[in-house]
Amino acid sequence: MAPLSEPGPVRRILVAHGTRSRHGVAMVRALADAVAARTGPLDLAFVDVLGPTPSDLLRESDIPTVLVPAFLAAGYHVHTDVPRHVERSGHPRVVVTAPLGPDPALVGALVRGLGRAGLRPGDAVVLGATGSSDAGARDDVRTMAGHLGAGLGREVPVGFLAAGSPTVADTVARIRTPGTRVVIAAYQLADGLFHARLEEAGADAVAAPLGLAPEVIDLLVARFAAGTAQLDQTR
């Protein structure tokens, strides 16, 4: 019997949104480095604002590639933008994994962020997200709010910034009662314009983005592993 061939090389690409915030870009690059320390080398692509794009990187080589969308909900970028980049590149073998979220594994990171923002017993919590014109993406945010609510033992309503309703400011105003503080859990990966807008939504405190939370790194490592296993099954 001939020996089984060893799996060949695999390229890894982490895809993020992109931001004009230098600190936000540095956060995403640091996240990519933290994931690469466990998966092996990977490249970072952006679908907006910055480059290189996923199609730019995919055109460089026909090595089988795992592409992980570092998005917290499966909206336009996951369903349309990333697949379009793959198609335009003409790359023969690309596995696009599930996005980063929603996932109950992120609850710990969100709860820790709320604690660092000064959450007190009795405070109301809002999950603040960028928003999307994609109804499925908005449902993903509500799913994550359910996970967070289960972790906190209380209802966590959602608010959106750019698309979708209710807005973060409307949700904060609706749940505020005399003597009750409102704290926003930022359902965002990195600093940027939208996190700054959370600061303007009228809450008493706003948590930092998820950033380099261990749960985020663990999930991205797991996504790359799942994508690599899928590639190996078809070799």
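Everything numeric in this text was worked out from a predicted model, so none of it was measured.

### Examining the pattern of salt bridges
Per the counting criterion, the structure on display carries nine salt bridges. A salt bridge links aspartate 218 to arginine 38, with the shortest nitrogen-to-oxygen separation between them at 2.6 Å. Taken together, the positions of aspartate 218 in helix 8 (residues 214–233) and arginine 38 in helix 1 (residues 22–39) put the pair 180 residues apart, joining distant regions of the chain. When its relative accessible area of 39% is taken as the criterion, aspartate 218 is described as partly exposed.

### Brief notes about the domain arrangement of the chain
Many authors give the size of an interface as the accessible area that is lost as the parts come together. Its domain assignment divides the chain into domain 1 (11–101 + 213–234) and domain 2 (105–207). Of note, the centres of domain 1 and domain 2, computed from C-alpha atoms alone, are 25 Å apart. Taken together, the contact between domain 1 and domain 2 spans 21 residues of the former and 16 residues of the latter. Summed over both partners, the interface of domain 1 with domain 2 buries about 1400 Å², with 69% contributed by carbon and sulfur atoms. Residue arginine 112 is joined to glutamate 215 by a salt bridge in which the shortest nitrogen-to-oxygen separation is 2.8 Å. At the boundary of domain 1 with domain 2, the tally comes to four residue pairs in polar contact (both at pLDDT 80 or more). Of the residues forming the side of domain 1 that touches domain 2, the biggest block, five residues, is contributed by helix 1.

### Examining helix 4 (residues 107–116)
Along helix 4, the residues classified as buried are Val107, Ala109, Leu110, Gly113 and Leu114. All buried residues of helix 4 lie within an arc of 165° about the axis, which places them on one face of the element. Against strand 5 (124–131), helix 5 (135–152), strand 7 (182–186) and helix 8 lie the buried residues of helix 4. Immediately beyond the C-terminal end of helix 4, within one or two residues, lies glycine 118, with a positive phi of roughly 100°.

### Thoughts on the sheet that holds strand 6 (residues 158–163)
Read across the open sheet, the four strands follow the order 6-5-7-8; overall the sheet is parallel. Lying at the two open borders of the sheet, with one neighbouring strand each, are strand 6 and strand 8 (205–206). Strand direction decides the pairing type here: strand 5 and strand 6, joined by four bridges, are parallel. Along strand 6, the bridge assignment pairs glycine 128 with glycine 159.

### Thoughts on the environment of glutamine 188
Among the structural elements, glutamine 188 can be located in the loop between strand 7 and helix 7 (193–198). Looking at glutamine 188, the relative accessible area reads 5%, which means it is buried. On a C-alpha basis, the gap between glutamine 188 and alanine 129 in space is 6.5 Å, while along the polypeptide they are 59 residues apart. Glutamine 188 has contacts with Leu72, Thr130, Leu161, Phe194, His195, Leu198, Pro209 and Leu210, leaving out every residue within four places of it along the chain. Within polar-contact distance, the side chain of glutamine 188 engages the backbone oxygen of phenylalanine 194 at 3.5 Å.

About the criteria used
Residue positions are counted from 1 within each chain, in the order its sequence is given. Local features in a predicted model are, by the rule used here, given only for residues with pLDDT of at least 70; side-chain atom pairs are given and counted only at 80 or more, and totals for whole chains, interfaces and linings are based on all residues. To get the side-chain values, all heavy atoms of the structure are used, and hydrogens and water are removed first. Counted as salt bridges are all cases of a side-chain nitrogen of Lys or Arg within 4 Å of a carboxyl oxygen of Asp or Glu. Put simply, DSSP H or I for four residues or longer makes a helix, DSSP E for two residues or longer makes a strand, and each gets a number counted from the N terminus. Throughout this description, buried means an accessible area under 20% of the type-specific maximum (1.4 Å probe, protein chains only), exposed means over 50%, and partly exposed covers the range between. Either an automatic procedure or a domain database provided the assignment from which the domain bounds are taken. Here, two residues are considered to be in contact whenever any of their heavy atoms come within 4.5 Å of each other. Using a 1.4 Å probe, buried area is obtained as the accessible area two parts lose upon being combined, added over both of them. Polar contact is the term for a pair of N or O atoms within 3.5 Å; when the atoms are in protein, one must be able to donate a hydrogen and the other to accept it, and sequence-neighboring residues count only if both atoms are side-chain atoms. Along the arc lie the directions from the helix axis toward the C-beta atoms. When DSSP finds two or more bridges between two strands, those strands count as paired.

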